[in-house]
Amino acid sequence: EIDLNGEAISCLQLHSVRTSDIAVNSSDCLSMQSDFSNQCCYDTPDTPCVMCPDGAVRKDLEVDFNGGTETCEHVANFLASRANNGTEECASSTAEYQEYCCFDKCSLCGENGQIDWDAYVEFDGKDDVSCGSFDWYFSSNGIEEGSGQCTDLQVAFEETCCYEAIDYSIPACSLCKRGEAWYDMNGDVDVYFQGSNRTCTEVSNSLFRKAEEDSGFCAAAKAEYFPSCCFEKCDLCQGSQLDANVEVAYKGAAATCLELGLRFVADIVMEGSEECNAAREILFEPCCFSNPTDPCVLCQSNTVDQGDIRDDVGVSFYGSTTSCFDLNSFLVSREEQVGFMCQAAKAELQEDCCFQECSICGSGGNLYWDNPTTFNGISFACGELTWVLSGSRVEEGSEECIQMQSTYYDDCCSGPSALIPDAGNKCEICPSVGKDWYAQVIHLGKPMTCLELDSVLLQKGVFDVSAECEQAVQDYSNQCCYIPPKKPCNLCQSGKQSYSVLDQTVTYNGAETNCYGIYNYLWTRLETEDDACLVTQNDLQPQCCYSKCSICQDYQLDQDKLVVHEGATMACSELENSFMGLNQIMQGSEQCARIQQEHW
């Protein structure tokens with residue numbers, strides 16, 4: 001309460017009634033703000049103080065609070081709207097009132113069980129009560145764990161509402177997957193499942209959460225529900241590629257080939273049906289193409305590199321205006337190297353579309369990689385400076401290139417630097433084989449990577465054809481060097497199918513490591529045919545590999561199309577390659593299905 005001209009009123013009355021005829025920013029308004037803001041106003045916390053976990057508050061119980069008697073519900077709401085979690089005010093208040101105001105809320109499925117949010121039961125006169133709503137019911141009615149009412153509800157609904165979560169390191173049951181093939185789902189079809197009518201989508205979600213792929217329950221469910229819920233969609237191109245953006249006329253209406261493909265899924269047009277076969281006869285030629293065996297590369301002539309693509313240069317070809325980048329992408333995906341269109345594009349457009357990257361030392365110079373130089377105030381090795389030029393797409397012969405060559409020729413091209421004598425003859429621990437830059441070694445009692453060791457030897461003047469270099473090769477080559485395989489072992493390769501790598505900790509050769517480390521080791525050390533490769537694949541593929549979610553599955557991804565996902569704008573290629581990979585979203589998972597539905 002506050003005192004307004006000798007009258008005791010609440011802040012709510014002041015705000016809603018007494019100020020109704022006072023204009024904002026007026027002198028009267030500013031005067032009231034000055035007089036009463038300290039008493040009536042507060043800042044809402046960034047992380048509200050939580051007195052009782054999970055909202056388990058004895059709402060009507062009264063306690064002494066701030067000099068008066070208030071209900072526990074009032075105390076909990078006051079702290080949540082005034083105090084930040086982790087502050088002294090929050091900690092002292094929760095310590096004082098938790099014992100009286102908080103209770104151990106009833107859990108329908110106990111400590112280890114999971115609520116099936118897709119399940120419904122008959123309760124309180126209603127026959128469609130979601131199992132997930134019981135948590136709110138327990139909070140609202142103050143039903144405590146161990147009470148008679150809690151036990152009765154657990155006994156009544158545990159079988160329908162609860163399940164034990166599976167180990168997701170083992171593949172979960174996917175209703176519309178047979179072997180390695182994924183089928184589409186007719187999600188709106190109703191089937192009778194576990195005592196009630198459920199949609200195929202609900203059945204699929206339930207199986208994915210509750211059953212393992214290799215379990216008998218999963219096999220029985222697939223045998224019963226696969227025919228009703230799953231189908232092989234009409235594949236217009238039958239193994240060829242779909243030209244998504246081509247517009248065609250079909251059944252009297254214009255649509256892109258991608259839109260027609262999606263329509264066949266939505267309309268449940270099945271492979272082998274009369275409608276599918278009829279559509280393929282009409283649409284295969286305009287909508288489908290095969291990948292070339294020897295792709296056309298615009299900036300290459302008779303296997304000789306003609307430089308890099310000028311990405312943003314606009315050109316006209318075959319009556320269409322496009323960019324050099326898009327044209328090259330089209331040629332690579334569609335045209336053979338010896339084809340007429342490929343040769344015509346090279347003859348007409350190589351001069352406009354292709355360029356040679358700037359070389360610091362020019363065509364006749366020799367780059368001394370380790371020589372030090374300075375670029376924009378930062379010290380670089382000359383070899384690293386070439387990466388800067390490549391990233392900036394500086395062209396050979398341009399004014400910028402000529403300036404760079406003039407500036408850095410003496411540092412990088414005129415011979416080994418006096419600052420690092422004989423840098424051109426530095427000690428090479430792995431002169432003719434691959435080097436594992438990040439392998440760990442101990443040098444003079446100090447742990448370091450092979451990359452750090454390389455720098456240390458150079459700085460200390462250990463050069464080629466010296467006793468110190470021979471000793472370093474003898475000491476460290478086993479740890480730092482390897483012979484790269486001709487056909488590298490891919491941990492996540494099974495037949496012709498390659499899968500993604502999980503960020504998972506596993507035991508390998510008696511030591512705890514992660515799947516990424518094993519994947520890199522096999523790729524750089526073992527041949528595909530090596531027994532060690534086959535044994536490791538057999539042992540670790542179930543733990544380390546997964547089928548990553550694909551937005552478009554058998555259709556082509558519109559790489560550059562922008563979408564908004566979880567509040568962030570990204571290209572479809574970024575969503576598919578980066579977001580899916582970083583979050584390890586599996587094909588067939590609920591999250592994958594939601595993303596496919598949202599962004600298809």
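Before reading further, recall that the structure is shown in the block above.
Definitions and cut-offs
- Residues numbered from 1 in each chain as written.
- Predicted model: local features only at pLDDT ≥ 70, side-chain atom pairs only at ≥ 80, totals over all residues.
- Heavy atoms only, no water.
- Buried < 20%, exposed > 50% of the residue type's maximum accessible area, 1.4 Å probe, protein only.
- Core = buried A, V, L, I, M, F, W, Y, C linked by side-chain atoms within 4.5 Å.
- Helix = DSSP H or I, 4+ residues; strand = E, 2+ residues; numbered from the N terminus.
- Disulfide = S-S within 2.5 Å.
- Axes fitted to C-alpha atoms, helices over the stretch in contact; angles between N-to-C directions.
- Parallel < 35°, antiparallel > 145°, perpendicular 65-115°, else oblique.
- Left-handed = near helix turned anticlockwise from the far one by under 90°.
- Contact = heavy atoms within 4.5 Å.
- Nonpolar A, V, L, I, M, F, W, Y, C, P; charged D, E, K, R; others polar.
- Salt bridge = Lys/Arg side-chain N within 4 Å of Asp/Glu carboxyl O.
- Polar contact = N/O pair within 3.5 Å; in protein donor to acceptor, adjacent residues only side chain to side chain.
- Pairing = 2+ DSSP bridges.

Novice: Could you give an account of unusual backbone geometry, naming the residues involved and the relevant values?
Specialist: A positive phi angle, near 55°, is found at N5, a position not held by glycine. Accessibility expressed as a relative area gives 78% for N5, which makes it exposed. The phi dihedral of I268 falls on the positive side, at around 55°, and the residue is not glycine. On the accessibility criterion, I268 (24% relative accessible area) is partly exposed.

Novice: Can you explain the nonpolar core? Please cite residues and give values.
Specialist: Grouped together as the largest cluster of nonpolar side chains are 17 residues, with contacts concentrated most on L108, V121, F123, F134, F138, L153 and F157. Of all the elements, helix α6 (residues 148-161) adds the most residues to this core, at four residues.

Novice: Please give an account of the state of the cysteines that cites residues and values.
Specialist: Enumeration according to the criterion identifies 25 disulfides in this entry. Through a disulfide, C299 is tied to C354; the S-S separation comes to 2.0 Å. With the S-S bond torsion at -90°, the cross-link from C299 to C354 turns out left-handed. Pair noted here: C299 is in the loop between β18 (288-289) and β19 (300-301) and C354 is in strand β24 (residues 354-355), with a separation of 55 residues, a long-range link. A single burial state applies to C299 and to C354, both of which are buried. The side chain of C549 participates in a disulfide bridge whose partner is C592; the two sulfur atoms lie 2.1 Å from each other. Given an S-S torsion of about 75°, the disulfide between C549 and C592 has right-handed geometry.

Novice: Could you give me a rundown of the packing of helix α7 (residues 200-210) against helix α8 (residues 216-229), with the residues and numbers involved?
Specialist: Direction vectors running N to C along α7 and α8 enclose 160°, while the axes themselves pass 11 Å from each other. One finds that α7 runs roughly antiparallel with respect to α8. Where α7 crosses over α8, the two elements pack in a sense that is left-handed. Residues C200, V203 and L207 of α7 pack against F217, A221, Y225, S228 and C229 of α8. Of the residues that constitute the contact of α7 with α8, the class distribution is seven nonpolar, one polar and no charged.

Novice: Tell me about the pattern of salt bridges, residues and numbers included.
Specialist: Tallying each qualifying case throughout the model produces 13 salt bridges. We note a salt bridge from D243 to R334, for which the minimum N-O separation is 2.8 Å. Within this pair, whereas D243 is found in the loop between β15 (241-242) and β16 (247-250), its partner R334 is found in helix α11 (residues 324-334), the two being separated by 91 residues in sequence. With a shortest N-O distance of 3.1 Å, E529 and K487 are connected by a salt bridge.

Novice: How would you sum up the environment of R310? Please name residues and give values.
Specialist: Relative to the elements of secondary structure, R310 occurs in the loop between β21 (308-309) and β22 (314-317). Not counting chain neighbours up to four residues away, the residues in contact with R310 comprise C324, F325, E351, D352, C353, C354, F355, R393 and E395. Among the polar contacts made by the side chain of R310, one reaches the main-chain carbonyl oxygen of D352 at a distance of 2.9 Å. Looking at R310, its side chain comes within polar contact range of the main-chain oxygen of C354, at 2.9 Å.

Novice: Describe in detail the pairing of strand β12 (residues 190-193), supporting the description with residues and values.
Specialist: Burial along β12 is one-sided: V191 and F193 are buried, while D190 and Y192, pointing the other way, are not. The pairing of β12 with strand β13 (residues 196-199) spans four bridges and is classified as antiparallel. Within β13, the residue paired with V191 across the bridge is R198. Once β12 ends, the chain turns through two residues before running back antiparallel as β13, passing Q194 with a positive phi of about 50°.

Novice: Lay out helix α3 (residues 72-82) in plain terms, naming residues and giving numbers.
Specialist: Those residues of α3 not exposed but buried are C72, V75, A76, L79 and S81. The inward-facing, buried residues of α3 contact β3 (62-65), β4 (68-71) and α4 (88-101).

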